[in-house]
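# Examining the three-dimensional arrangement
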Amino acid sequence: MALTTVVSSISPSTLERLSGRSRSCIERLRNCKLERPDLSRQPTVKLAAVLVLLYEEAGKLRVLLTTRSKQLRSHPGQTALPGGKVDDCDPDLVHAALREAYEEVGLDFDASDTLCVLPPFLSASQLLVTPVVALLKDTSTLEQLKPSVTEVDHIFNHPLEALLDPTLVSEEPNLTEKGSENWPYEADYHTINDVNLPTHDNLVYRNLRFRSSASPVKGLTAEILILVAEIAYNSSPKYNRYSPGQAESTANLIRLRMQQYEL
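All of these numbers come straight from a predicted model, not from anything done at the bench.

Reading the values: rules and limits
- Residues numbered from 1 in each chain as written.
- Predicted model: local features only at pLDDT ≥ 70, side-chain atom pairs only at ≥ 80, totals over all residues.
- Heavy atoms only, no water.
- 1 Å grid on protein atoms, 1.4 Å probe; cavity = no way out; pocket = protein on both sides within 12 Å on 5 of 7 lines; lining within 4 Å.
- Points joined across faces, edges and corners; volume = space filled by probe spheres on them.
- Helix = DSSP H or I, 4+ residues; strand = E, 2+ residues; numbered from the N terminus.
- Nonpolar A, V, L, I, M, F, W, Y, C, P; charged D, E, K, R; others polar.
- Disulfide = S-S within 2.5 Å.
- Buried < 20%, exposed > 50% of the residue type's maximum accessible area, 1.4 Å probe, protein only.
- Pairing = 2+ DSSP bridges.
- Salt bridge = Lys/Arg side-chain N within 4 Å of Asp/Glu carboxyl O.
- Contact = heavy atoms within 4.5 Å.
- Axes fitted to C-alpha atoms, helices over the stretch in contact; angles between N-to-C directions.
- Parallel < 35°, antiparallel > 145°, perpendicular 65-115°, else oblique.
- Left-handed = near helix turned anticlockwise from the far one by under 90°.
- Expected span 1.5 Å × (residues − 1).
- Arc of directions from axis to C-beta.
- Phe/Tyr/Trp six-rings, centres within 6.5 Å; stacked < 30°, edge-to-face > 60°.
- Lys NZ or Arg CZ within 6 Å of the ring centre and 35° of its normal.

In this model, the second largest pocket occupies a volume close to 290 Å³. Residue lining of the second largest pocket: 17 residues in total, with Arg62, Asn157, Pro159, Glu172 and Pro173 positioned closest to the centre. When residues of the lining of the second largest pocket are traced back to their parent elements, those giving at least two are β2 (60-68) and β8 (152-159). Top element by residues in the lining of the second largest pocket is β2. It accounts for three residues. Of the residues in the lining of the second largest pocket, the class split is seven nonpolar, three polar and seven charged.

Written as structure tokens, this is what we have:
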């Protein structure tokens, strides 16, 4: 797998259509300098990529999400970013994320501009998952998207900033009903609990769930979107993001897994 070098090129007309605040967010993501580890010696079967597709609506940045098919063996019915395992045919991680988005929701390869590629996250299945952040060129493209009948039950979207301030979803017109299958919690907008993960060397993991217009945003998807929102808005969440020691333990665990996988 080749290292991915991103040269973000966005047409002036695309940027001009954005509000000033959204434009600032996009520029921060384009200029993101987070260090990424070298994945070139990792086996392809241990790599995955997801697409964080952003667009503006009513002056606010939103992100495209899916609800996974309930017929899938892994994470059925859960919220996900378009993405999946890297194939041998993928020249790099950006291509892998775009290919998966095309297969899952019908997004054309040239429908977005890549803004940045973030460091990998470790999934529950021990994959190194790399987020590829992109900006949709034309929002009319959203009307043409179609969920894959075998992989996706539903396509929806969520305000990016609500990953930092969950109360912002109170402005959403179609939130799932409290007490329903998609939000069976007493909390209005988000929940927090710490769990022990045997698959991650007994890491104490802070499980965050965010109410949406469809399935809850949680787990790895929530982790990725929180980081994207932190960069974009240059701000921290209005809640305690990590359990004590979680951030350092997670970074160490990713380094350990990379050493174990290295070819």
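Structure shown, so let's carry the discussion forward.
Across all of its chains, the model carries zero disulfides by this definition. Cysteine Cys32 is unpaired, with the sulfur of Cys116 as its nearest cysteine sulfur at 4.8 Å.

So, about the pairing of strand β7 (residues 128-136). Of all nine residues in β7, nine are buried; the element is thus mostly enclosed. Where burial is concerned, the two faces of β7 agree: the one with Leu128, Thr130, Val132, Ala134 and Leu136 and the one with Val129, Pro131, Val133 and Leu135 are both buried. Pairing of strand β1 (residues 47-57) with β7, which is carried by eight bridges, proceeds in the parallel orientation. Bridge pairing in β7 links Ala48 to Val129. Across five bridges, strand β5 (residues 112-117) lies against β7 in antiparallel orientation. From the neighbouring strand, Ser112 faces β7, where its bridge partner is Leu136. Of the pairings in the sheet, the one linking strand β6 (residues 121-122) to β7 comprises two bridges and is antiparallel in character. Of the residues in β7, the one forming a bridge with Leu122 is Leu128. Hairpin geometry of β6 and β7 is characterised by an intervening segment of five residues between the two adjacent antiparallel strands and by a positive phi of about 70 degrees at Gln126.

Even without being glycine, Gln126 reaches a positive phi, approximately 70 degrees. When you line up the elements, Gln126 lands in the loop between β6 and β7.

Bringing the pattern of salt bridges into the picture now. Within this structure, the stated rule accounts for 15 salt bridges. A salt bridge links Arg99 to Glu103, with the shortest nitrogen-to-oxygen separation between them at 3.2 Å. Residue Arg99 and its partner Glu103 are both found in helix α3 (residues 93-105); the two are separated by four residues, about one turn of the helix. Classification of Glu103 as partly exposed rests on a relative accessible area of 36%. The network of salt bridges with common partners includes Asp87, Asp90, Arg99, Glu100 and Glu103.

Our focus in this paragraph is the environment of Glu151. Tracing the chain through its elements places Glu151 in the loop between β7 and β8. Judged by relative accessible area, which is 26%, Glu151 ranks as partly exposed. The spacing of Glu151 and Ser69 is 82 residues in sequence and 5.1 Å in space, taken between C-alpha atoms. Filtering out sequence-adjacent residues up to four positions away, Glu151 remains in contact with Thr67, Arg68, Ser69, Leu72, Glu103 and Glu104.

With that out of the way, let us pick up the packing of helix α2 (residues 20-30) against helix α4 (residues 219-233). Between α2 and α4, the shortest axis-to-axis distance is 7 Å and the interhelical angle comes to 110 degrees. What the angle tells us is that α2 and α4 run roughly perpendicular. Judged by the twist between their axes, the crossing of α2 over α4 is right-handed. Within the contact between the two elements, α2 uses Arg21, Cys25, Arg28 and Leu29 and α4 uses Val228, Ile231, Ala232 and Tyr233. Partitioned by chemical class, the residues of the contact of α2 with α4 number six nonpolar, no polar and two charged.

On to helix α5 (residues 246-261). A rise of 1.5 Å per residue sets the reference length of α5, with its 16 residues, at 22 Å; its end C-alpha atoms lie 22 Å apart and thus fit the reference within 8%. What α5 keeps buried is the set Gln246, Leu253, Ile254, Arg257, Met258 and Tyr261. Buried positions in α5, seen along its axis, are confined to an arc of 135 degrees and lie on one side of it. Exposed positions of α5 whose direction lies more than 90 degrees from the buried face are Glu248 and Gln259.

A complete count under the given rule lists three aromatic pairs for this structure. Here the aromatic rings of Tyr102 and Phe109 are separated by 5.9 Å at their centres, their planes lie at 45 degrees, and the arrangement is tilted. Arranged with centres 4.7 Å apart and planes meeting at 75 degrees, the rings of Trp183 and Tyr185 form a pair that is edge-to-face. By relative accessible area, which is 0% here, Trp183 ends up buried. A residue is classified by how much of its surface remains accessible, and Tyr185, at 24% relative accessible area, is partly exposed. Lying over the aromatic face of Tyr242, Arg241 brings its terminal NZ or CZ to 4.3 Å of the ring centre.

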